[in-house]
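A closer look at the structure
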Amino acid sequence: MEFREYSADSDKDAVHRIWLETGWLEKDSKAQVEGMDLFVGAGKALVADLDGEAECLVLTMPGVIRHLKDDLPMSGVTGVTTSRIARKQRIAAKLTALAVARDAADGALVSGLGMFEQGYYDRLGFGTGGYEHWISFDPARLGIDAAPRVPRRITLDDWKLVHQSRLSRKRGHGSCNFTPPEMTRAEMLWAKNGFGLGYSDGEGGELSHHIWCDAKDGGEHGPYTVCWMAYETREQFLELIALLKNQGDQVMSIRMREPPGIQLQDLITQPFRQYDLTEKGKYEARASAYAYWQMRICDLPGCIARTSLPFGDARFNLKLTDPIEGLLDKDAPWRGCAGDYVVALGKSSGAETGHDDSLPTMTASVNAFTRLWLGVRPASSLRFTDDLDAPAELIEALDSVLRLPAPRPDWDF
Ligand SMILES: CC(C)(COP(=O)(O)OP(=O)(O)OC[C@H]1O[C@@H](n2cnc3c(N)ncnc32)[C@H](O)[C@@H]1OP(=O)(O)O)[C@@H](O)C(=O)NCCC(=O)NCCS
């Protein structure tokens, strides 16, 4: 079996077939195929051959992830797909491990992905992120009075402006940005009956705030899904919410991921009454929570050097295990970050290989340690349910030092 880089000249038909077989493309949808080609071309693509044809495709996209105030280089695993004939040969796991290894060797400090199910990517060292809330609501029930200005209509032709607006949105801890603008164009193409609304208040006419929506089920009453929302200020956020409210004479339901830091229920009138009235209906109002993204540290000293924590200090030995090693060849460009480290956390942090007998020792998988470092859960909780342990005093100290806001990528991929 050969693992190699994708070639647009010779592999296009084979990778279209993979995505058709996985159900990621609909037959005869030109927009989806165009989106796929853009997406594959925008980042890095690896394929695995069986009998001379590509039967597995793994995609990664360059970007950054924010840890408190610093943006660290990251790589997003944006597609892992195996054709029907090639399943369960460990091809996808090994090709994904190689893709992560190559990007780590090229400088990605972190790798992230959206998982199809819990467990699969744990074998590659990924740890599960926090819950994302998805809220479905009747826009007429939005309890805000703001009167929005007439927005501009955003179309596919605006993809570069849209991408720029996404990149410059208000961002917080854990937020991800992906560099290639073609990624945004592909995502816009994938929205069914996609449409956008927004405002160009930027000094040079840039798109300052906008929403991009999917009106999949098409009818005049929705439901609509907000694929993303980009804004920089409170006023801009409220103007976009007011725009959604303005659709409420006709549209019965809008579904969106709760924006970072916002409790959307604050803006909804009588939410529980709506839940009961619409239960199991086409326009059901509800709030759901799913933890569907995962991250892993690829370079421990690199990540810790970029970590600045204002709440005190902790120094400890870390015995880190990394399961990805088992899926990589001996000559892979990077083989995970297992090892013994001395870690210092505080305003200025660092990690170096070694052991200091005078310090307490933590044992952890890279999966669990990534969750700790990102602030998905504190050390005292991870000790209960994940592969992380340390003496009680160290756990207590880390609970105090690693007081982080909930990490939120704010970009599904
Ligand atoms: C997901 C997918 C890529 C896996 O491809 P594959 O080449 O068959 O996967 P692999 O052979 O590497 O892995 C299969 C192994 O993973 C295991 N596995 C699958 N789901 C798992 C889970 N949730 N937890 C733990 N192990 C899991 C299988 O049991 C199997 O184990 P085995 O090797 O011991 O038999 C393939 O099913 C696919 O293309 N699905 C549709 C597209 C998709 O959902 N992609 C994932 C996007 S995040």
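Residues numbered from 1 in each chain as written. Predicted model: local features only at pLDDT ≥ 70, side-chain atom pairs only at ≥ 80, totals over all residues.

Near the ligand there are 19 residues, and of these Thr82, Arg87, Ala92, Ala93 and Gly119 occur at the shortest range. Broken down by secondary-structure element, the contributors of at least two residues to the shell around the ligand are strand 4 (70–82) and helix 3 (91–105). Its residues placed into classes, the shell around the ligand shows eight nonpolar, seven polar and four charged. (Near = placed C-beta within 6 Å. Helix = DSSP H or I, 4+ residues; strand = E, 2+ residues; numbered from the N terminus. Nonpolar A, V, L, I, M, F, W, Y, C, P; charged D, E, K, R; others polar.)

Structurally, the protein comprises domain 1 (2–108), domain 2 (133–288) and domain 3 (299–401). Breaking the side of domain 1 that touches domain 2 down by element, the ones donating at least two residues are helix 2 (30–42), strand 3 (53–67) and strand 4. Per-element accounting of the side of domain 1 that touches domain 2 gives the leading share, eight residues, to helix 2. A breakdown of the residues in the side of domain 1 that touches domain 2 according to their chemical character gives ten nonpolar, seven polar and two charged. (Domains from an automatic or database assignment.)

We now examine the packing of helix 1 (residues 8–22) against helix 2. Put simply, helix 1 and helix 2 touch, their axes get as near as 11 Å, and they point 125° apart. What the angle tells us is that helix 1 and helix 2 run oblique. Between helix 1 and helix 2 lies a crossing of right-handed hand. Residues Ala8, Val15, His16 and Trp19 of helix 1 form the contact with helix 2, whose participating residues are Val33, Met36, Val40 and Gly41. Of the residues that constitute the contact of helix 1 with helix 2, the class distribution is six nonpolar, two polar and no charged. (Axes fitted to C-alpha atoms, helices over the stretch in contact; angles between N-to-C directions. Parallel < 35°, antiparallel > 145°, perpendicular 65-115°, else oblique. Left-handed = near helix turned anticlockwise from the far one by under 90°. Contact = placed C-beta atoms within 7 Å.)

This part covers helix 9 (residues 366–374). Within helix 9, nine of the nine residues are buried, which leaves the element mostly enclosed by the surrounding structure. Remark: Gly375 follows helix 9 within two positions and exhibits a positive phi of approximately 85°. (Buried ≥ 20, exposed ≤ 12 C-beta atoms within 10 Å, placed from the backbone.)

When two helices pack together, their arrangement is given by the angle between their axes and by how far apart the axes lie. Close contact between helix 4 (residues 159–167) and helix 5 (residues 181–190) brings their axes to 9 Å; oriented N to C, the two are set at 110°. On the basis of their axis angle, the class for helix 4 and helix 5 is roughly perpendicular. Crossing of helix 4 over helix 5 shows right-handed handedness. The residues of helix 5 that touch helix 4, namely those facing Trp159, Lys160, Val162, His163 and Arg166, are Pro181, Thr184, Arg185 and Met188. The class makeup of the residues in the contact of helix 4 with helix 5 is four nonpolar, two polar and three charged.

Bringing unusual backbone geometry into the picture now. The omega torsion across Gly222 and Pro223 is -5°, close enough to zero to call that bond cis. Within the secondary structure, Pro223 is located in the loop between strand 11 (209–214) and strand 12 (224–230). Positive phi, normally seen in glycine, also occurs at Lys88, with a value near 60°. By the secondary structure assignment, Lys88 is in the loop between strand 4 and helix 3.

What follows concerns the nonpolar core. Cys56, Leu57, Val100, Val110, Ile297 and Phe369 are the most contacted members of the largest nonpolar core, which has 110 residues in total. In this structure, Cys56 is in contact with Val47, Ala48, Thr81, Thr82, Ser83, Ala86, Ile91, Ala92 and Leu95, ignoring residues within four places of it in sequence. (Core = buried A, V, L, I, M, F, W, Y, C linked by C-beta atoms within 7 Å.)

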